[in-house]
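Here are the chains, one letter per residue:
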Amino acid sequence: SSVPAVSPVPTELRDAAKRFSQGGVSHYLTLTLDQAEALLYVGAREAVFALATGSVELKAATDCFNYVRFLQSYNSSHLYACGTYAFQPKCTYIVSGGPKTGGPNSPHPPQVALSP
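Basis of the calculations
- Residues numbered from 1 in each chain as written.
- Predicted model: local features only at pLDDT ≥ 70, side-chain atom pairs only at ≥ 80, totals over all residues.
- Heavy atoms only, no water.
- Helix = DSSP H or I, 4+ residues; strand = E, 2+ residues; numbered from the N terminus.
- Buried < 20%, exposed > 50% of the residue type's maximum accessible area, 1.4 Å probe, protein only.
- Contact = heavy atoms within 4.5 Å.
- Areas by Shrake-Rupley, 256 points an atom, 1.4 Å probe, with all protein chains shown as cover.
- Phe/Tyr/Trp six-rings, centres within 6.5 Å; stacked < 30°, edge-to-face > 60°.
- Disulfide = S-S within 2.5 Å.
- Salt bridge = Lys/Arg side-chain N within 4 Å of Asp/Glu carboxyl O.
- Pairing = 2+ DSSP bridges.

## Quick notes on the overall build of the protein chain
- For the protein chain, the helix and strand inventory stands at one helix and seven strands.
- Listed by position from the N terminus, the elements making up the protein chain come as α-β-β-β-β-β-β-β.
- Looking at the protein chain residue by residue over its 116 residues, the buried ones come to 28%.
- Counted over contacts in the protein chain with a minimum sequence separation of 6, partners at least 24 positions apart contribute 24%.
- Only carbon and sulfur atoms are counted for the fraction: they give 53% of the accessible area of the protein chain, which is about 7,900 Å².

Shown next, in the form of structure tokens:
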């Protein structure tokens, strides 16, 4: 069996690619795209970020419950986010300004990987 050759990334793609990271934050596992608002919501360990899709500029951030495992649009103004919270899942509704109210337990146990 042959091994495919690795090609360098074309300059136009490398120049267009953007990176985002926040000091002290890890496990950027959960992504939700809001095309209408041009925002990419990123669930990580202890935080949810809203990034502008064109510039990857941080638009908003909020603390969250340990590892964010579920992040889904709820309606045009809210997201529903669930975190593992030390194996006692907790959920909340998030508006662009931050969390609003608590919700019921996560529908997914924290030890189970979620499929896209």
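## Regarding the packing of aromatic side chains
- Inspection of every chain in the model, using the stated rule, returns six aromatic pairs.
- Ring geometry for tyrosine 28 and phenylalanine 49: centres 6.3 Å apart, planes at 35°, overall tilted. With tyrosine 28 in the loop between helix H1 (11–16) and strand S1 (30–34) and phenylalanine 49 in strand S3 (residues 45–52), this pair connects stretches of sequence that are 21 residues apart.
- The buried category is assigned to phenylalanine 49, whose relative accessible area is 3%.
- With centroids separated by 4.9 Å and ring planes inclined at 65°, the aromatic side chains of tyrosine 74 and tyrosine 93 adopt a geometry described as edge-to-face.

## Section: the environment of serine 55
- Relative to the helices and strands, serine 55 is located in the loop between S3 and strand S4 (58–73).
- A C-alpha to C-alpha distance of 7.5 Å links serine 55 and lysine 18, two positions 37 residues apart in sequence.

## Here's the deal with the state of the cysteines
- The final tally for this structure, using the stated rule, is one disulfide.
- Through a disulfide, cysteine 82 is tied to cysteine 91; the S-S separation comes to 2.1 Å. Linking cysteine 82 and cysteine 91, the disulfide has an S-S dihedral of approximately 110° and is accordingly described as right-handed.
- A residue is classified by how much of its surface remains accessible, and cysteine 82, at 1% relative accessible area, is buried.
- On the accessibility criterion, cysteine 91 (2% relative accessible area) is buried.

## Observations concerning the pattern of salt bridges
- Inspection of every chain in the model, using the stated rule, returns one salt bridge.
- Between glutamate 57 and lysine 59 there is a salt bridge whose closest N-O contact spans 3.6 Å.

## Quick look at unusual backbone geometry
- In this structure, alanine 38 takes a positive phi of about 55° despite not being glycine.
- If you trace the backbone, alanine 38 turns up in the loop between S1 and strand S2 (39–43).
- According to the relative accessible area criterion, alanine 38 is partly exposed, its value standing at 35%.
- Here the phi dihedral of tyrosine 85 falls at roughly 45°; this positive angle occurs in a residue that is not glycine.

## Some details on the pairing of S3
- By the criterion of burial, S3 is predominantly enclosed, with six of the eight residues buried.
- Bridge count between S2 and S3: five bridges; the pairing is antiparallel. For tyrosine 41, the partnering residue across the bridge sits in S3 and is alanine 50.
- Two strands pair when backbone bridges link them, and S3 and S4 are joined in this way by six bridges, in the antiparallel orientation.

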